[in-house]
Structures are given as structure tokens and as C-alpha cells.
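Topology and contacts: notes
Single-letter residue listing:
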Number of protein chains: 2
Amino acid sequence: MEIELHLVPEEKRRPVPELKNLVFGRLFTEHMFVMEYDCRRGWHSPRIVPYGPVTLDPAAIVLHYAQTIFEGLKAYWGVDGKIRLFRPWENLKRLNRGADRMCMPRVDEELVLEAIKKLVLIDQAWIPREKGAALYIRPFMFGDEPTLGVKPSHTYTFMIILSPVSAYYQEGFNPVKIYVTDEFVRAAPGGTGEVKAGGNYAASLKAAEVAKAKGYTQVLWLDAVERRYVEEVGTMNIFFYFEDELTTPALSGSILPGITRDSVLKLAHSWGLPVSERRISIEEVIEGAESGRLKECFGTGTAAVISPVGALAYRGREYVINDGKTGPLARRLFEELTGIQYGERPDPFGWTLILT
Amino acid sequence: MEIELHLVPEEKRRPVPELKNLVFGRLFTEHMFVMEYDCRRGWHSPRIVPYGPVTLDPAAIVLHYAQTIFEGLKAYWGVDGKIRLFRPWENLKRLNRGADRMCMPRVDEELVLEAIKKLVLIDQAWIPREKGAALYIRPFMFGDEPTLGVKPSHTYTFMIILSPVSAYYQEGFNPVKIYVTDEFVRAAPGGTGEVKAGGNYAASLKAAEVAKAKGYTQVLWLDAVERRYVEEVGTMNIFFYFEDELTTPALSGSILPGITRDSVLKLAHSWGLPVSERRISIEEVIEGAESGRLKECFGTGTAAVISPVGALAYRGREYVINDGKTGPLARRLFEELTGIQYGERPDPFGWTLILT
């Protein structure tokens, strides 16, 4: 299928604002990608059009039953003036796994990658130039059939929108304090926690609100069954660097298979670090923090890349990790990953896709 | 706040189609109710307007993170020509409990009830006249702030739409066969299963698809922790009538507190039946089906009122209940509840609200 272009005429384009101190996900570029699905035609009419509103019937399934999934990746303006994507193939595979789980139609991964490339190049003036900043790419799809029956939609809309984002660490690469919830649960095995379904995120808001009210930046989620094993932190995966092992919770069915997570595992392994994916109990983490066996803890995700954790609160007590400071492994991983993303360092794994 | 009316002029109204053999939730009436919320003004501009599309920014939170909740109730055309609602106050209380859980603003229950009443009266020509048919009322609200940050929306839209629905049992009050899933989970304690969050419904689609492919009408959900205790059936609550006890799963935090569920408990108690809310294991159900101690099983919900279960499949075996026939208790409850709803029987609990 050919992607049609209906672009804003050059003379009518908005001036690109100064891309500094941006609040995440509030500013959008001039264009977006759209295509629609119905059972007879499949996906059809792929096109790049001016950024503009979506019109839905009030009975559209997404508004009632939340049949929606999304992805998130970034385009980086490299030190060599080239634009790079980071492992976009993984996002597309995950999107299709999500489509399967949520009874939605799969997309053509090649077509969507082509759409991302074209859209980013068209709006490349919106990619911030400084290191750390990037153009956030948000592919998403939702069921929009107007029916109140609880069943998969017969029609879907797929879109890609772009948002310039500032560096995550505006005030230095500093650790956050996290709050272990034993009240709320993010996802259970047999649920939708391993895909990027919208409902997972709505369900997480309350716990984040409680954590923030107590003065913590993120929630540490425990497993739904025993409320004992660590799963994720906020909307990131989590790693623990014990004396002799870098470990992260194994993909149990309720944990999102993060692309940064996978990249950290591969990088650390290539450096000769003993790496594992296994069950990690909150008791082991606390014992490690107290004894000093836990040297570092950090979250991983597309937004922050690496987010060091300096302290965690559990059942009324606070436990400090690495004296509340960013550790050398977190720093090394951050620098290596961003080095690859911004074209400063070699890319031995073939993770980047150069657009220009 | 005054509800403003912007109605379709009489001469421009659509003719009401013949209200027969309607597929659930596909036909909508001439008008809808809308109001908006922002942090400064709170809920504002409540109005009844012609049914028409919703316009959203592509970054609207509901499309990405599924911050959406809904309710469902019906208006019944009584045998006495009066229009009745059934326990609407309970829907509004539950809506606000949902708002709390999903970090959304509460609505003014009196205002929303007023809106429901006005809207139903304006579109009363769309209420089917036969017993069993009704006008389905769907209040819902969603976050629509255009931001990709994972946080509660600062702006919301609340709407009410109406859909005429035919009698659920077009071909007689016959039992269904249900499939016990031990693969998928609907909700976990600490999650959102006890509110009508959109994400719960999207998460349930896959299990329903699997059940249907195997020839079953509904999924029977087990608890997320032990995969042993019965929770709900499809989008209904479930009851078991053992020899000496009518029982339903206790509200554990992952079970929706259904209004029909509560009505069945109150009615059965008033009839002198021993009624309980407790944990019910799938083994107890199967043992009961095999020994005959389980006399009846049925689902309860607004759509079907009572949905008898004639057989259940678990781990490759099928168990028949009450010879696959509708039992006398299910029938008595169905007749009593619909009798109250359609004004054929007295309403000793004060459950109905008469609009005209």
C-alpha cells in the first residue's frame, strides 16, 4: 500500500517553537499518520495528514471498553546530524502481540515502519537538537465501532503522532525515591500486563497518586498473587545490581517486555557481567539494601532510559540504596545507550536505524 | 446547575424505527446529554443536544491510557403506561466510586439523575413497548486532556446516550453453557475489577473469544490469586443455588458489585431463603453439579436480569446443572424482578423511580 501525503503547504506551516523545557507529551508536530481498518477491506487508506482532531461516535468502543493499545519510541538527532530510531522493529512486534491479546487486527510492520520514517522526516524540523532531547513517536490504535455490545470492534483507527521532548534529566542524573505498594496491583498473570493496553495505565493512576502524596516519585509494583515479588517501577522495568549479579524480574506474563530492559540485559552480558532474569522478592531487595549487597537499583524505559533509585519505602520504613547516589553501572549503561542512540558510540548490536 | 436544552426541532426528527429484533447497543435515540469538566470550573455546561459525534485531540488521554468509566441501566415502559428506572441511585453511587478509583472527578448524583430523567422523557418515543424490551441508558465519562504524560486528565467529558434494546430472551428463557477459564484473569485484588473501568472489558475480550470458539456462550472467571474461587460469569455476577443455600461470591475487591446481584440477594432473603456471600471454589461447584447438591446456577446483570446456566466446562470436562434446564428459582427471580421493573408487581423495596 502506498502512503498518501496530504501535507500542510510550506507557507501555512506553524513556526517550530523553541524546543526547550518541554513538558512531556504536550506539544505535537504539524502532521500525523492515519489509517483505518474494517473487516472487509482490512487496513486501508494509509496517509500523512495535518495534525488534527479525531471524530468518534459517542458509542465508539474505545470510549466505553477501552480497546486500545499503543507504542512509544523516539527519533534522536545524532551528533553526526543523522536521525536515528532505536530498535523500532521491537516496538512493531510488541504492537502486534498486543493486538493479538486485545482481539485487534495486526498491522503490517513494514508499512508502519515506513509510515514512521516518512512522518519523522517530514516533521524533522521538530526534532530537538541537544543530546538527551528527542522526538517522541506514539503509534496507537483503537476500536471505534459504534456499539455497546462487549465484543471486539469491527473497525479500527491506527495513528502515529509526534511530540518533541526535552532531556529527561534536566537537573542531573539523580536518583528517585520509590514507594512499594502492597495495596494496589498493576497486573496479574492471565491479564494484560505484558502488552501496552490502555487499561493498564488507567489502572496505575491511583497508586501513583498515593505514592506522590507520600512524597515518592514512582510506585514499585509487587506481583498480584503473593504480593511479594517485584514486577515493575511506575511504567518502567526494574533492575537490581547485587554484588555478583545484575538481575531483573523474569517475564512472568504480567511484566511488560521493555525494549530498554532487553537492551540493558544484552549490553551488560556483553560486558561480562553476570546477568539474570528471575523472581526477586521484596525481602531480598530490602535485605540487600540493609546489608549493602544491593549495590544499585534502577528503572529502565524509553522516556528516562535509566532511572536510578536511591531509596525505597516499604511498610512504613525507608531503605536507602547506594547512599542515595547514582551508581557507576547505572551511569555506564545510560552513557552507553544514549551514546548509541545519538551516534556517539558504535552500534555493535545493529540497534539503530538511520533515517538520513 | 440548569440543564440547557438544544433539541432537534420536531419537524426534523428522525422517524422512530420499528423497535423489534434489535441487536444490543447499535441503535441510538435522537438526543444525548453532555457536560465537561476542567480543574478551574469543575463540571459545567450540562446540556441535552442532538446525538452526534465527539471530537477529540489525537492525544486525548482516553485514547492512550483508557481513563474511562461507564454505567448501564434501563428505562422500562410499564404495563400501566408509566416509565420506570430501576434503582438508578445505585448506578450513580457506583459511578462515583469508579471515579475515585480511576482518579476522575465525582459527578453530582442529583444532577445526573435529573439529566437521565429529562433525556429519557424527551426521547420516550424510543422506549419499546413490549415486556422485556427497554431503553438502555449509558452514562459514561472519560479523560480527554491532550497529553501523553501518564497521569490523571485535567479535563473530562461526561455523556449519556440511549439505546432501545429488545427482550434479551427472544427465544425463551433458556440456559447457556459456560466455559471456566484457567488461562485468563478478569481482575485481581488491588486492581480495578470492582468498578466499571473500560479496561476491565477490553481485557475480557480474549477469553470470551476462546470460549466462543469452543462453543460456549460465556466465560466463568476464577480468582487471580489461587485460580480456584469463582468470581463472575462474562460481564455478570454469578449465583449458585445449593440444596440449602443461595450463594454468590463475596465482594472481594475484584468483583463488580452488581445492582441485580444485590436485588437478588434482598429478594431471596425476603422470601426466607438462606442467602450467603462467600468464597465458592470451582471444586465445590463441580462436586455440586455431579452430586445434584447444586440445584441451579445463574448469572445476574442489567442486560439479561437472570441468565440460567445449564452446563459448565472445566479442564476438558462438561458438567450439567439441573439437567440443562432453567430452574424454578431462576424463573421466580426473573419474573419477580421484571414484574417490579414493568410495574406488574408491587415494589416493596422502593426500587423503582417512576418518571411519568
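Residues numbered from 1 in each chain as written. Chains lettered and ligands numbered in written order. Predicted model: local features only at pLDDT ≥ 70, side-chain atom pairs only at ≥ 80, totals over all residues. Heavy atoms only, no water.

Put simply, the rule is: UniProt positions are given in the numbering used here, feature names are shortened, and annotations may be inferred rather than shown by experiment.
As recorded in an unreviewed UniProt entry, chain A goes by Branched-chain-amino-acid aminotransferase and comes from Thermosulfurimonas marina. Its UniProt record gives chain A a comment under Sequence similarities (unreviewed entry), which states: "Belongs to the class-IV pyridoxal-phosphate-dependent aminotransferase family."

**Points about the overall build of chain A**
This is how it is decided: Comment: elements are numbered from the N terminus, with helices defined as DSSP H or I runs of at least four residues and strands as E runs of at least two. Using C-alpha atoms as the atom set, the radius of gyration is obtained and then compared with a globule rule of 2.2 Å times the number of residues to the power 0.38. Only protein chains enter the area calculation, which uses a 1.4 Å probe; residues under 20% of their type maximum are buried, those over 50% are exposed, and those in between are partly exposed. Contacts are residue-level and defined by heavy atoms, with any inter-residue pair within 4.5 Å sufficient. What sets the accessible areas is the Shrake-Rupley method with a 1.4 Å probe; for residues, cover comes only from the shown protein chains.
A tally of helices and strands in chain A yields 7 helices and 19 strands. In summary, chain A has a C-alpha radius of gyration of 21 Å against a globular reference of 21 Å for 356 residues, a match within 12%. In terms of principal-axis extent, the alpha carbons of chain A reach across some 60 × 50 × 35 Å. Looking at chain A as a whole, 62% of its 356 residues are labelled buried. Within chain A, residue pairs in contact and separated by at least 24 positions form 71% of the contacts whose partners lie at least 6 positions apart. Accessible surface for chain A amounts to roughly 13,400 Å². Of this, 49% is attributable to carbon and sulfur atoms.

**Regarding the interface of chain A and chain B**
Here is the rule: In short, buried area is how much 1.4 Å probe accessible area vanishes from two parts on joining, totalled over both. Salt bridges are defined as contacts in which a side-chain nitrogen from Lys or Arg sits within 4 Å of a carboxyl oxygen from Asp or Glu. Two N or O atoms count as a polar contact when they lie within 3.5 Å, although within protein this holds only if one can serve as hydrogen donor and the other as acceptor, and sequence-adjacent residues are included solely when both atoms are side-chain atoms. Three categories are distinguished: nonpolar for Ala, Val, Leu, Ile, Met, Phe, Trp, Tyr, Cys and Pro, charged for Asp, Glu, Lys and Arg, and polar for the others, with Gly belonging to the last.
Each side of the interface is counted separately: chain A has 62 residues, and chain B has 62 residues. Summed over both sides, the interface between chain A and chain B buries roughly 4,900 Å², with carbon and sulfur atoms accounting for 64% of that surface. Area buried by chain A at its contact with chain B is led by Leu 63, Leu 148 and Leu 205 of chain A, which between them contribute 13% of it. Taken together, the connections running from chain A to chain B amount to 2 salt bridges. When the shortest N-O distance is used, the salt bridge between Glu 145 of chain A and Arg 26 of chain B registers 2.9 Å. For the pair chain A and chain B, the number of links is 22 residue pairs in polar contact (both at pLDDT 80 or more). For the side of chain A that touches chain B, the secondary-structure elements that each account for two or more residues are β4 (54-56), α1 (61-65), β5 (68-70), α2 (88-101), β8 (134-143), β9 (155-165) and α4 (198-213) of chain A. Top element by residues in the side of chain A that touches chain B is α4 of chain A. It accounts for 9 residues. Of the residues assigned to the side of chain A that touches chain B, the class counts are 35 nonpolar, 16 polar and 11 charged.

**Points about the domain arrangement of chain A**
Residue and element names in this part refer to chain A. Test applied: Boundary definitions for the domains trace back to an automatic or database domain assignment.
Its domain assignment divides chain A into domain 1 (4-165) and domain 2 (176-341). For domain 1 and domain 2, the distance between their C-alpha centres works out to 28 Å. The interface is formed by 19 residues belonging to domain 1 together with 22 residues belonging to domain 2. Buried surface at the junction of domain 1 and domain 2, both sides included, amounts to about 1,800 Å², of which 61% is carbon and sulfur. The three residues of domain 1 that bury the most area against domain 2 are Phe 70, Phe 86 and Arg 94, which together make up 33% of that side's buried surface. At the boundary of domain 1 and domain 2, one finds 1 salt bridge. A salt bridge links Asp 262 to Arg 87; the nearest nitrogen and oxygen atoms lie 2.9 Å apart. There are 10 residue pairs in polar contact (both at pLDDT 80 or more) connecting domain 1 and domain 2. Elements supplying a minimum of two residues to the side of domain 1 that touches domain 2: β5, β6 (73-77), β7 (83-86) and α2. The dominant element in the side of domain 1 that touches domain 2, judged by the number of residues it contributes, is α2, at 6 residues. When its residues are assigned to classes, the side of domain 1 that touches domain 2 shows 6 nonpolar, 4 polar and 9 charged.

**Some points on the packing of helix α5 (residues 259-270) of chain A against helix α7 (residues 328-341) of chain A**
All names here are of chain A. Defined as follows: Here, axes are lines fitted to C-alpha atoms. For helices the fit covers the stretch in contact, and angles between N-to-C directions go from 0 to 180 degrees. Orientation is classified from the angle alone, with under 35 degrees giving roughly parallel, over 145 giving roughly antiparallel, 65 to 115 giving roughly perpendicular, and any other angle giving oblique.
Between α5 and α7, the shortest axis-to-axis distance is 11 Å and the interhelical angle comes to 110°. By the angle between their axes, α5 is roughly perpendicular relative to α7. Facing α5, whose interface residues are Thr 260, Ser 263, Val 264 and Leu 267, α7 presents Leu 333, Glu 336 and Leu 337. Residue classes in the contact of α5 with α7 are distributed as 4 nonpolar, 2 polar and 1 charged.

**Topic: the side chain of Glu 296 of chain B**
Residues and elements named next belong to chain B. Heads up, the condition is: Positive charges are assigned to Lys and Arg, negative charges to Asp and Glu, while His and the chain termini are left out of the count.
Take Glu 296: it is sitting in strand β16 (residues 294-301). Despite being buried, Glu 296 has no salt bridge partner; Lys 295 is the closest side chain of opposite charge, sitting 7.0 Å away. In this structure the side chain of Glu 296 is engaged in a polar contact, spanning 2.8 Å, whose partner is the backbone nitrogen of Leu 329. For Glu 296, the residues in contact, after removing those within four places along its chain, are Phe 239, Phe 240, Tyr 241, Ile 321, Gly 327, Pro 328, Leu 329 and Ala 330.

**Some thoughts on the relation of the copies chain A and chain B**
The line we're drawing: Least-squares superposition of the copies uses the C-alpha atoms of those residues scoring a pLDDT of at least 70 in each of them.
Laying chain A over chain B is done by rotating through 180° and shifting 0.0 Å along the axis; what remains is an RMSD of 0.0 Å. Between the two chains, the operation in question is that of a two-fold axis.

**A closer look at the pattern of salt bridges**
Summed over all chains, the structure comprises 51 salt bridges over all chains. For Lys 93 of chain A, the salt bridge is made with Glu 90 of chain A, and the minimal N-O distance between the two is 3.5 Å. Separated by 3 residues within a single helix, Lys 93 of chain A and Glu 90 of chain A lie in helix α2, roughly one turn from each other. Given the relative accessible area of 38%, Lys 93 of chain A is considered partly exposed. By relative accessible area, Glu 90 of chain A is classed as partly exposed at 27%. Taking the shortest distance from any N to any O, the salt bridge between Arg 94 of chain B and Glu 71 of chain B comes out at 2.8 Å. Of this pair, Arg 94 of chain B sits in helix α2 (residues 88-101) while Glu 71 of chain B sits in the loop between β5 (68-70) and β6 (73-77); the two residues are 23 residues apart in sequence, bridging distant segments of the chain. Each of the two residues, Arg 94 of chain B as well as Glu 71 of chain B, counts as buried.

**With respect to unusual backbone geometry**
All names here are of chain B. The backbone phi angle of Ser 45 is positive, close to 55°, even though this residue is not glycine. Phi is positive for Arg 315, which is not a glycine, with a value near 50°. Structurally, the position occupied by Arg 315 is in the loop between β17 (305-314) and β18 (317-320). On the basis of relative accessible area, Arg 315 is assigned to the exposed category, the value being 61%.

**So, the side chain of Arg 186 of chain A**
Residues and elements named next belong to chain A. If you trace the backbone, Arg 186 turns up in the loop between β10 (176-181) and α4. There is a polar contact of 2.7 Å between the side chain of Arg 186 and the backbone oxygen of Gly 193. A polar contact of 2.9 Å, which involves the side chain of Arg 186, links it to the backbone oxygen of Ser 254. Filtering out sequence-adjacent residues up to four positions away, Arg 186 remains in contact with Gly 193, Asn 200, Trp 221, Glu 232, Ser 254, Ile 255 and Leu 256.

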